[in-house]
Amino acid sequence: MAQIDRPFRPRHRRFGLRSTRTVAVASALVIALTSCSSGGHPGKRHAKPAPAWRTDPHSIAALGDSITVGFDACTLLSDCPQVSWATGTDPKVDSLARRLVKRPSTHSWNFARTGALMSDLPDQFTKAVDHRPELVTVLIGANDACRRDVAAMTPKAAFQADFARSMTYLRRALPRTQVYVAAVPDLLRLWSEGRKNPLGKQVWKLGICGSMLRDPDDLTKAAQDRRAKVQEQVRAYNSALAEVCGKDPLCRFDQSVFDYRFTGRQLSTWDWFHPGTNGQKQLAAMAFRTITQARP
C-alpha cells in the first residue's frame with residue numbers, strides 16, 4: 001500500500017504558546033509597575049485634593065442665638081447687634097466683620113435670633129445662602145441646654161441631626177463657603193462665676209436657664225447632680241458639633257469657646273448670663289485666631 005504522508009506539524013508549536021503567555025504576563029507586569037510608580041492603582045482614579053481653607057474671607061453671615069445679636073450687652077432686655085462678636089460695628093469689640101471684611105456694611109449679615117434653638121438653625125442657613133457668604137459663623141446650643149429643667153433639654157441625637165442637616169444644605173448650595181463653629185459655652189462656669197454677684201442671683205430668679213441656674217446657692221447633692229447633667233449635655237452637644245464639622249474640610253470647630261476661663265468681667269451687668277461688651281470682644285478674638293490660622 002502506498003504510504004500516506006502525515007500533515008506537517010511545526011516542532012516549535014509549544015514554544016510559540018509559551019512565548020505568547022510570557023509576553024502577556026510581562027505586559028501586565030509593566031502596566032502594574034507603571035501604575036504603582038505613579039502612586040495609584042489600576043482602575044482607580046486619583047482622589048481630588050481637599051479644598052484649601054482661606055484665611056481672608058470677604059463676606060460673613062452670622063447664625064445663632066442671643067449671644068450673636070448682643071442681647072443684654074448694651075441695654076436691658078434688648079438686642080445690641082452693634083457689639084456682636086461676629087458682625088458688630090463697635091470698635092471696642094473689634095468684631096470679625098471689622099477685622100476681615102473690607103466693606104462690612106454691605107458684606108456681612110446677622111441672621112441670629114434671641115431664643116433660637118438648634119432646630120432653628122436650618123432656617124437661618126437658608127437665609128444665609130441667599131447672600132452667598134464666603135464665611136458662615138455658628139454659635140448656638142446654649143438654649144438647648146438652658147431649659148426650665150433637665151428633662152426639657154434637647155436630646156443630643158436631635159441636636160446633631162439638625163446641625164448635620166444644616167451643613168448638608170449649605171454644602172450643596174455653596175460648596176466653597178467656609179464655616180466657623182463655636183463650641184457651646186461652659187454653663188457650669190457661668191453658674192460658679194455669676195453666683196458671686198448678689199444682684200445676678202436675684203435676676204436669675206426670673207427664670208433664666210432654670211436647668212443650671214435655679215437655686216444658685218443650693219449645694220445639696222441633688223442640685224449638684226442636676227447641674228452636672230446640664231454640663232454633661234453641653235459636652236455632648238460640643239461633641240456632636242465637632243463630629244459633624246470634622247467631616248467637612250471647610251469647617252472649623254472652636255473648642256476654645258468652651259474652655260475659655262471667663263469671669264464676671266465678661267458677663268452682662270444686666271443679667272449675668274449673656275456676654276457683655278468685654279465678653280463679645282473675647283469671642284471675636286477667639287474666632288479670629290481660629291479662622292486666620294493656616295492650619296487648625
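In what follows, the structure referred to is the one given above.
What you are looking at is a predicted structure, and each value in this text was computed from that prediction instead of being measured. (Residues numbered from 1 in each chain as written. Predicted model: local features only at pLDDT ≥ 70, side-chain atom pairs only at ≥ 80, totals over all residues. Heavy atoms only, no water.)

Novice: Would you mind going over the pairing of strand 1 (residues 60-64) with me for this structure?
Specialist: As a general feature of sheets, a regular strand has side chains that alternate between the two faces. Extensive coverage of strand 1 is indicated by the burial of 5 of its 5 residues. Alternating residues of strand 1 divide into I60, A62 and G64 and A61 and L63, and every residue in both groups is buried. The sheet contact formed by strand 1 and strand 2 (residues 108-110) spans 3 bridges and is parallel. Among the inter-strand pairings, A62 is bridged to a residue of strand 2, identified as N110. Inspection of the sheet shows strand 1 paired to strand 3 (residues 135-139) by 5 bridges, in the parallel sense. When the bridges of strand 3 are listed, G64 appears paired with L139. (Buried < 20%, exposed > 50% of the residue type's maximum accessible area, 1.4 Å probe, protein only. Helix = DSSP H or I, 4+ residues; strand = E, 2+ residues; numbered from the N terminus. Pairing = 2+ DSSP bridges.)

Novice: When you look at the state of the cysteines in this model, what are you seeing that I'm missing?
Specialist: What makes a disulfide is a covalent bond joining the sulfur atoms belonging to two cysteines. Scanning the entire structure with this criterion turns up 3 disulfides. The disulfide partner of C74 is C80, and the gap between their sulfur atoms is 1.8 Å. Across the disulfide from C74 to C80, rotation about the S-S bond amounts to roughly -65°, and the bridge is consequently left-handed. Each sulfur of the disulfide joining C146 and C209 lies 2.1 Å from the other. Residues C146 and C209 are joined through a disulfide that is left-handed, its torsion about the S-S bond being -70°. On the criterion of sequence distance, the pair formed by C146 in the loop between helix 5 (142-145) and helix 6 (156-173) and C209 in the loop between helix 8 (198-204) and helix 9 (210-213) is long-range, its members being 63 residues apart. Taken in sequence order, the bonded cysteines of the protein chain link in the pattern 1-2, 3-4, 5-6. (Disulfide = S-S within 2.5 Å.)

Novice: What exactly am I supposed to notice about helix 4 (residues 121-129) here?
Specialist: Given 3.6 residues to a turn, an α-helix orients residues that are three or four positions apart in the same direction. Those residues of helix 4 that fall on the buried side of the exposure criterion are L121, P122, Q124, F125, A128 and V129. On an axial view of helix 4, the arc spanned by its buried residues comes to 160°, and they lie on one face. As for helix 4, its buried residues are in contact with strand 1, strand 3 and helix 6. (Arc of directions from axis to C-beta. Contact = heavy atoms within 4.5 Å.)

Novice: Any chance you could explain the nonpolar core here in plain terms?
Specialist: Within soluble globular proteins, side chains that are nonpolar generally end up buried alongside one another. Judged by nonpolar contacts, the single largest core of 72 residues is most densely connected at W85, V138 and L213. Sort the elements by how many residues they give to this core and helix 10 (residues 221-246) lands first, with 7 residues. Beyond its immediate sequence surroundings of up to four residues, W85 is in contact with I67, T68, V93, S95, L96, T137, L139, Y180, Q280, L283, A284 and A287. (Core = buried A, V, L, I, M, F, W, Y, C linked by side-chain atoms within 4.5 Å.)

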